[in-house]
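Coordinate analysis (summary)
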Amino acid sequence: MVRKYSKKTADHLNIARERIDKLFSQADEVFSENPELADRYVDLARKIAMKFKVRLKSEYKRKFCKHCYKYLRSGVNARVRTQSGKLVYSCFSCKKFSRFTLK
Ligand SMILES: [Zn+2]
């Protein structure tokens, strides 16, 4: 018996990307009122990305803490500094740093 694998077509990937886009924009909207909900959206977006093996855009990777996965907003729950050509985000909830290269 030939086993058929479920095809992950380009359509699926596009849907996944769209959902990730939507989740991050929703996270951005709700953050000021409900930061916990924003964290939840980040979590969902990450799970979709993992499931479909989609890479999160670098702009999205900067929007959450890579240690505790909380949605970050500079000046609110994170501090952003530049350090020798790199962006350094310090997360206020876990007190860890995330570094991103500047283009
Ligand atoms: Zn953190």
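Located above this text is the structure these notes cover.
Because the structure is a prediction, the values reported are computed rather than measured. (Residues numbered from 1 in each chain as written. Predicted model: local features only at pLDDT ≥ 70, side-chain atom pairs only at ≥ 80, totals over all residues. Heavy atoms only, no water.)

In an α-helix there are 3.6 residues to a turn, and that puts residues three or four apart on one side. Given a rise of 1.5 Å per residue, 17 residues ought to cover 24 Å, and the 24 Å separating the end C-alpha atoms of helix α2 (residues 35-51) matches this to within 8%. Among all positions of α2, only Ala38, Asp39, Tyr41, Val42, Ala45, Arg46, Ile48 and Ala49 are buried. On its buried side, α2 packs onto α1 (10-30). (Helix = DSSP H or I, 4+ residues; strand = E, 2+ residues; numbered from the N terminus. Expected span 1.5 Å × (residues − 1). Buried < 20%, exposed > 50% of the residue type's maximum accessible area, 1.4 Å probe, protein only. Contact = heavy atoms within 4.5 Å.)

This model, assessed by the stated rule, comprises five salt bridges. Lys57 serves as the salt-bridge partner of Asp21, at 3.4 Å between the closest nitrogen and oxygen. Taken together, the residues span a long stretch of sequence, with Asp21 in helix α1 and Lys57 in the loop between α2 and α3 (58-61) at a distance of 36 residues. Taking relative accessible area as the criterion, Asp21 reaches 30% and is therefore assigned partly exposed. (Salt bridge = Lys/Arg side-chain N within 4 Å of Asp/Glu carboxyl O.)

This part covers the side chain of Asp39. Residue position: Asp39 is located in helix α2. The exposure class assigned to Asp39 is buried, which follows from its relative accessible area of 14%.

Our next topic: the coordination of the zinc ion. Surrounding the zinc ion are the protein donor atoms Cys65 (SG), Cys68 (SG), Cys91 (SG) and Cys94 (SG), at 2.2 to 2.3 Å. Of note, the donors binding the zinc ion are all from one chain and are spaced C-x2-C-x22-C-x2-C. (Donors = N, O, S within 2.8 Å, 3.2 Å for Na, K, Ca; no water.)

As a further point, take the packing of aromatic side chains. On inspection of all chains with the given rule, the structure shows five aromatic pairs. When the ring of Phe24 is compared with that of Tyr60, the centres are 4.4 Å apart and the planes differ by 0°; the resulting orientation is stacked. Taken together, the positions of Phe24 in helix α1 and Tyr60 in helix α3 put the pair 36 residues apart, joining distant regions of the chain. Exposure class is identical for Phe24 and Tyr60. Each is buried. Centre to centre, the rings of Phe64 and Tyr69 are 6.3 Å apart; their planes meet at 50°, and the pair counts as tilted. The exposure class of Tyr69 is partly exposed, given its relative accessible area of 33%. (Phe/Tyr/Trp six-rings, centres within 6.5 Å; stacked < 30°, edge-to-face > 60°.)

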